[in-house]
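What follows is the residue order along each chain.
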Amino acid sequence: MSELHCGRFRLALDRPLVMGIVNVTPDSFSDGGRYDSVAKAVAQAERLVDDGADILDIGGESTRPGAVRVPDDEEVRRVVPVLQALQSLNVPLSIDTCKAAVMRAALDAGVDLVNDIAALEADGALELVARSQAAVCLMHKQGEPQSMQAAPHYDDVASEVEAYLAGRRDAALAAGIDAQRLLLDPGFGFGKAFEHNVALFRSLAGQAARLGAPLLVGVSRKTMLGTITGRSVPSERVSASVAAALLAAQAGAAVIRVHDVRETVDAIRVWRALK
Ligand code: PT1
């Protein structure tokens with residue numbers, strides 16, 4: 001049975017794992033010392049573990065369409081205290097970053113997985129992760145979050161994303177990152193129009209089989225689900241997100257990245273019991 005070598009942990013991949021999202025984004029008015037945002041993130045993380053999260057994904061910079069960049073040192077100051085506070089929870093910790101400086105600080109703080117929307121393309125990132133014991137998620141995107149939804153273009157989105165992921169997988173293997181440390185992610189909503197996301201979603205089972213690596217899928221509360229349901233408010237996309245998570249699980253996704261851990265865990269339990 002396949003397993004993911006993930007820092008301090010060996011995670012069995014015999015069922016879809018649920019990765020819970022923890023955002024550390026300070027309120028600039030009331031939170032000069034960042035105490036409030038750290039305390040809130042830790043409380044949120046503890047709740048997600050109670051709800052059944054298998055992995056916690058901690059992020060200090062939003063990468064949703066149009067989000068503004070956060071400087072390296074500011075991102076480090078946001079996430080490191082949270083990672084330190086969560087070490088003793090004994091749950092695998094993931095850092096959601098594309099910056100090598102943040103990866104280094106997070107690895108020093110004991111992070112178990114590096115979740116990189118830029119697939120370790122930053123200078124030094126591949127070597128840094130290779131020297132660690134952490135797992136890594138390599139994601140596809142077209143363009144940068146600030147402008148990626150302006151005019152996404154593909155001739156064949158599924159084969160282009162698959163070729164990119166195969167190339168980054170091979171770069172990671174060549175750098176000495178063991179296959180059992182790798183997750184690949186098609187990157188829903190990252191430089192993709194609605195039709196691209198749909199075509200990509202329908203290609204998940206084939207990609208999982210051909211890439212020969214476990215896939216991570218992140219569709220939770222995303223615009224594509226708002227387009228399908230007509231719900232413009234992300235927090236009203238919970239049922240849509242759970243439905244999409246189940247379809248991703250059915251297509252063979254190994255890890256599902258979600259906001260709504262409790263709902264997703266229950267749905268996956270029912271799917272596994274009744275399928
Ligand atoms: C993801 C992901 C991520 N998504 C991984 N990491 C985000 N591995 C952050 C929208 O269309 O899918 N995989 N880290 C969040 N990014 C987005 C992108 C949020 C698009 C919302 C949208 O609404």
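So, a few notes on the structure that sits alongside this text.

Cut-offs and rules
Residues numbered from 1 in each chain as written. Predicted model: local features only at pLDDT ≥ 70, side-chain atom pairs only at ≥ 80, totals over all residues. Heavy atoms only, no water. Helix = DSSP H or I, 4+ residues; strand = E, 2+ residues; numbered from the N terminus. Buried < 20%, exposed > 50% of the residue type's maximum accessible area, 1.4 Å probe, protein only. Near = heavy atom within 4 Å. Polar contact = N/O pair within 3.5 Å; in protein donor to acceptor, adjacent residues only side chain to side chain. Areas by Shrake-Rupley, 256 points an atom, 1.4 Å probe, with all protein chains shown as cover. Nonpolar A, V, L, I, M, F, W, Y, C, P; charged D, E, K, R; others polar. Phe/Tyr/Trp six-rings, centres within 6.5 Å; stacked < 30°, edge-to-face > 60°. Lys NZ or Arg CZ within 6 Å of the ring centre and 35° of its normal.

### Topic: unusual backbone geometry
Trans is the prevailing form of peptide bonds, just as negative phi is the prevailing case for residues other than glycine.
Move 1: At leucine 120, a residue that is not glycine, the phi angle is positive and equals roughly 60 degrees.
Move 2: With respect to the helices and strands, leucine 120 occurs in the loop between strand 6 (113-116) and helix 4 (125-130).
Move 3: Among the residues examined, leucine 120 registers a relative accessible area of 2% and is labelled buried.

### Some details on the site of the ligand
Move 1: The environment of the ligand is formed by 16 residues, the closest being Asp96, Asn115, Asp185, Lys222 and Thr223.
Move 2: Here aspartate 185 contributes a side-chain N or O atom positioned 2.6 Å from a nitrogen atom of the ligand.
Move 3: Within the complex, the protein chains bury 91% of what would otherwise be the 500 Å² of accessible surface of the ligand.
Move 4: Here the residues of the shell around the ligand sort into six nonpolar, five polar and five charged.

### Side note on the packing of aromatic side chains
Move 1: In the structure shown here, the tally under the stated rule is one aromatic pair.
Move 2: Relative to phenylalanine 201, the ring of phenylalanine 188 lies with its centre 5.6 Å away and its plane at 50 degrees, an arrangement referred to as tilted. With phenylalanine 188 in the loop between strand 8 (182-185) and helix 6 (194-202) and phenylalanine 201 in helix 6, this residue pair connects regions lying 13 residues apart in the sequence. The burial state of phenylalanine 188 is the same as that of phenylalanine 201; both residues are buried.
Move 3: The ring of tryptophan 271 carries the charged tip of lysine 275 above its face, separated from the ring centre by 4.8 Å.

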